[in-house]
Amino acid sequence: MTERDLFLSIGDVDESLIAWAERPPVRHAPWKWAAVAVAAVILVAGIWGVTHRTSGDLPVEPPDSGPISLLTSTYPIITPTTTAPTTPPVADTAPGGLPWLTGGVTANGGGAGGHNGYVFTYGLEELALSTLWQDTPDTMTVWRVSDGYNGDYEKQLSIIRPYVTLLGEDINGAEITTLQGTDSPYSVDSGRLTRVITPRHCYELNSDYTYLAIRLQQPVAVGGQENWLAGVQALYPELFWGMTDPAIHITGGDRGWGTTEADGDTMFATEAYYSARIYDAADPEGAYAPFLKGVGLHISEGLLKGFYVYLPDYYETLGEYPVLSRQEAEEALHARCAAYLAGGYPDPAIDETYRVMGVELVYFGSSNSRLRVPVYRFLLTAADTPLVTKVKEDTGMQVFVEVCLSAVPEAYWHPEAAGVWSPI
Amino acid sequence: MEDVRIVSLFWERDEGAIEAARAEYGALCRKIAFDLLGDREDALECENDVYLAAWNAIPPARPQSLRAYLGKLARNIALNRYDRRTAAKRGGEAAVLLSELGEVVADGSVEDALEAGQTVALIGAFLRRESAENRWLFLRRYWYADSLADLSARLRCSESAVKTRLFRQRERLRAYLQKEGILL
């Protein structure tokens with residue numbers, strides 16, 4: 001093994017560790033450090049006083065063994081190595097005997113809350129914030145993705161086959177390929193996926209078997225949002241046969257930005273991206289667990305490009321958990337933001353003038369968790385960093401900071417996850 | 001834009017994927033490449049290579065975390081570029097980082113005795129045994145390629161203190177890899 005091999009091996013460590021290291025450093029509680037420092041000063045002063053009664057100021061040593069401030073009170077507190085650990089033992093379960101929540105509620109993990117990137121839009125009215133929960137219930141279900149069958153070719157085919165038949169196609173004449181992580185030295189192994197290609201469609205399971213993606217070989221025009229439900233039902237009635245009262249739920253509307261080829265610097269706004277799901281309004285479970293039942297639509301620029309057929313068999317109930325009210329969540333958000341702003345970041349995403357511009361309650365599953373947890377998704381006004389200023393000036397878009405906060409109180413998160421807060 | 005959407009754009013062969021990836025993770029890729037190479041132009045070229053490599057690899061790859069995936073591409077591409085440079089042009093943190101990691105493997109290893117994947121797993125296990133503070137420090141230095149100056153500022157301690165802690169961590173990693181049979 002060479003140093004280069006070691007460098008590359010470090011590059012392959014668990015991505016949850018990489019996401020975790022994005023947060024600010026773990027810090028000592030200031031009062032705790034101050035207490036140690038004060039005790040040390042008193043001790044040194046006593047000794048110094050005894051031995052150097054005629055000298056001036058005490059010598060000041062920089063604190064070499066650790067940082068001296070705490071960003072938030074929920075960070076794990078690391079005690080100096082010379083003292084005994086004071087971390088209390090962790091109970092086997094969360095309050096009420098419920099399983100601990102682990103992982104995180106942002107795209108990068110983030111524990112019980114954190115920054116989930118910027119949202120670019122021409123205005124709040126362009127965004128379709130979820131309205132499924134007008135009144136927050138007292139409890140909500142947390143779901144867990146079952147263990148998949150990654151690599152089990154026959155199992156994958158058995159899931160895909162009925163949908164090929166449903167859409168009037170014959171799997172026997174289809175091209176079936178098995179995909180594995182590329183041999184490129186830059187790739188990560190994505191496991192094995194089976195893809196079934198017919199003249200009209202391409203069927204492919206996602207990696208944890210929670211949905212079947214069906215891509216159209218030839219996208220079909222379905223017009224504006226008001227036509228999506230009727231248009232898709234007319235084109236693919238088979239997919240909605242089991243529904244008593246099909247309804248559509250549209251979310252999203254955020255944009256990205258790109259730079260023009262002319263100068264490679266001037267920014268332009270990309271198309272607004274909406275995601276839509278057709279569900280059975282007569283089935284409460286189908287309505288409120290968006291990922292659990294129904295058919296997601298992939299529509300871009302008025303063209304239906306594909307479906308995501310959700311596969312509820314691959315979810316199990318973790319438990320019914322209490323959830324914060326919207327007001328409680330907002331109070332928790334402000335406390336987090338205050339702690340963040342007190343941290344003195346050089347290029348902060350928000351500043352003291354931030355305001356909450358929007359909020360929705362949605363289910364979210366992070367990349368390092370198999371859980372689907374109810375989450376408050378807040379949109380805050382963004383500080384004018386160089387990036388934000390340029391986007392605004394070049395595109396005319398508004399820029400918001402998306403901050404997610406677990407609707408399930410932190411007490412139900414495992415202590416290792418509860419204290420994690422992705423940097424804003 | 002969420003990772004899942006960006007990955008979806010890659011799968012659809014929609015070139016908007018590259019712009020979306022640039023918007024979300026361009027700064028991270030440039031930062032890693034710049035820290036390793038110490039040259040802004042090289043860092044920008046590395047960043048473009050990252051998107052090309054991602055375009056070629058997705059599909060079939062379906063990364064769960066684009067941050068980790070693109071960051072890793074940036075590390076690897078920057079290291080390749082560092083290797084191709086003449087000795088006189090070599091700048092940035094890459095030389096220092098490799099030198100530091102060289103201390104860990106100084107006396108050789110058990111060649112081919114274990115798969116690279118096992119080494120990765122052992123490093124992960126080692127990091128999980130470290131205190132949260134030390135784990136953070138190690139990952140920031142050897143994954144994100146943060147400079148000593150940056151780390152000392154973020155930890156609010158002196159550079160020499162950071163160096164000392166990293167040195168002790170490397171010693172512990174070396175001992176751990178020896179115990180597990182990776183190193184002689």
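It should be emphasised that the depicted structure is a prediction, and the values quoted were computed from it without experimental measurement.

Caption draft 1: Quick look at the overall build of chain A. Of the regular secondary structure elements, chain A holds nine helices and 17 strands. Within chain A, the proportion of its 424 residues that are buried is 49%. Taking the intrachain contacts of chain A between residues at least 6 apart in sequence as the baseline, contacts between residues at least 24 apart amount to 69%. Accessible surface, chain A: about 19300 Å² in total, of which carbon and sulfur atoms supply 54%.

Caption draft 2: Representation of the environment of E328 of chain A. By the secondary structure assignment, E328 of chain A is in helix α7 (residues 326-342). Separated by 79 residues in the primary sequence, E328 of chain A and A407 of chain A have C-alpha atoms spaced 9.3 Å apart.

Caption draft 3: Region of the structure containing the nonpolar core. F10, L36, Y69, L70 and L139 of chain B are the most contacted members of the largest nonpolar core, which totals 76 residues. Of all hydrophobic cores here, the second largest spans 55 residues; its members include F120, A247, Y321 and Y363 of chain A.

Caption draft 4: Main features of the pattern of salt bridges. Counted by the stated rule, this structure contains 24 salt bridges over all chains. For K72 of chain B, the salt bridge is made with D12 of chain A, and the minimal N-O distance between the two is 2.6 Å. Residue K72 of chain B is found in helix α4 (residues 66-84), and its partner D12 of chain A is found in the loop between α1 (3-11) and α2 (15-20); the two belong to separate chains. Residue D12 of chain A is classed as partly exposed on the basis of its relative accessible area, which comes to 37%. Put simply, R195 of chain A and E204 of chain A hold a salt bridge, and the shortest N to O gap is 2.7 Å. Exposure remark for R195 of chain A: the relative accessible area of 15% places this residue in the buried category. Each member of the salt-bridge network shares a partner with another, and the members are E19, R22, R30 and E47 of chain B.

Caption draft 5: Representation of unusual backbone geometry. Residue and element names in this part refer to chain B. Of note in this structure, A145 is not a glycine but carries a positive phi near 60°. Position of A145 relative to the elements: it lies in the loop between α7 (132-142) and α8 (148-155). A relative accessible area of 1% means that A145 is categorised as buried.

Caption draft 6: Representation of the side chain of H201 of chain A. Residue and element names in this part refer to chain A. In this structure, H201 sits in strand β5 (residues 201-205). Accessibility expressed as a relative area gives 0% for H201, which makes it buried. Other than its neighbours up to four places away in sequence, H201 contacts L167, E169, V196, I214, R215, L216, Q217 and Y236.

Caption draft 7: Geometry of the state of the cysteines. Residues and elements named next belong to chain B. Throughout the structure, instances matching the rule amount to zero disulfides over all chains. Counting only cysteine sulfurs, C46 is the nearest neighbor of C29, a cysteine outside any disulfide, at a range of 9.7 Å. C29 gets classed as buried once you look at its relative accessible area, which sits at 0%.

Caption draft 8: Geometry of the pairing of strand β12 (residues 303-310) of chain A. Residue and element names in this part refer to chain A. By the criterion of burial, β12 is predominantly enclosed, with six of the eight residues buried. By the bridge criterion, seven bridges tie strand β6 (residues 211-221) to β12 in an arrangement that is antiparallel. Each residue of the ladder has a partner; that of Y211, found in β12, is Y310.

Caption draft 9: Inspection of α7 of chain B at higher detail. In terms of burial, α7 of chain B is largely enclosed, as 11 of its 11 residues are buried. Here α7 of chain B has its buried residues at A132, E133, N134, R135, W136, L137, F138, L139, R140, R141 and Y142 of chain B.

Caption draft 10: View of the environment of V162 of chain B. Residue and element names in this part refer to chain B. As for its position among the elements, V162 is in helix α9 (residues 159-179). Residue V162 is classed as buried on the basis of its relative accessible area, which comes to 0%. Setting aside residues no more than four positions away along its own chain, V162 makes contact with L137, L148, L151, S152, L155 and C157.

Thresholds applied
- Residues numbered from 1 in each chain as written.
- Chains lettered and ligands numbered in written order.
- Predicted model: local features only at pLDDT ≥ 70, side-chain atom pairs only at ≥ 80, totals over all residues.
- Heavy atoms only, no water.
- Helix = DSSP H or I, 4+ residues; strand = E, 2+ residues; numbered from the N terminus.
- Buried < 20%, exposed > 50% of the residue type's maximum accessible area, 1.4 Å probe, protein only.
- Contact = heavy atoms within 4.5 Å.
- Areas by Shrake-Rupley, 256 points an atom, 1.4 Å probe, with all protein chains shown as cover.
- Core = buried A, V, L, I, M, F, W, Y, C linked by side-chain atoms within 4.5 Å.
- Salt bridge = Lys/Arg side-chain N within 4 Å of Asp/Glu carboxyl O.
- Disulfide = S-S within 2.5 Å.
- Pairing = 2+ DSSP bridges.

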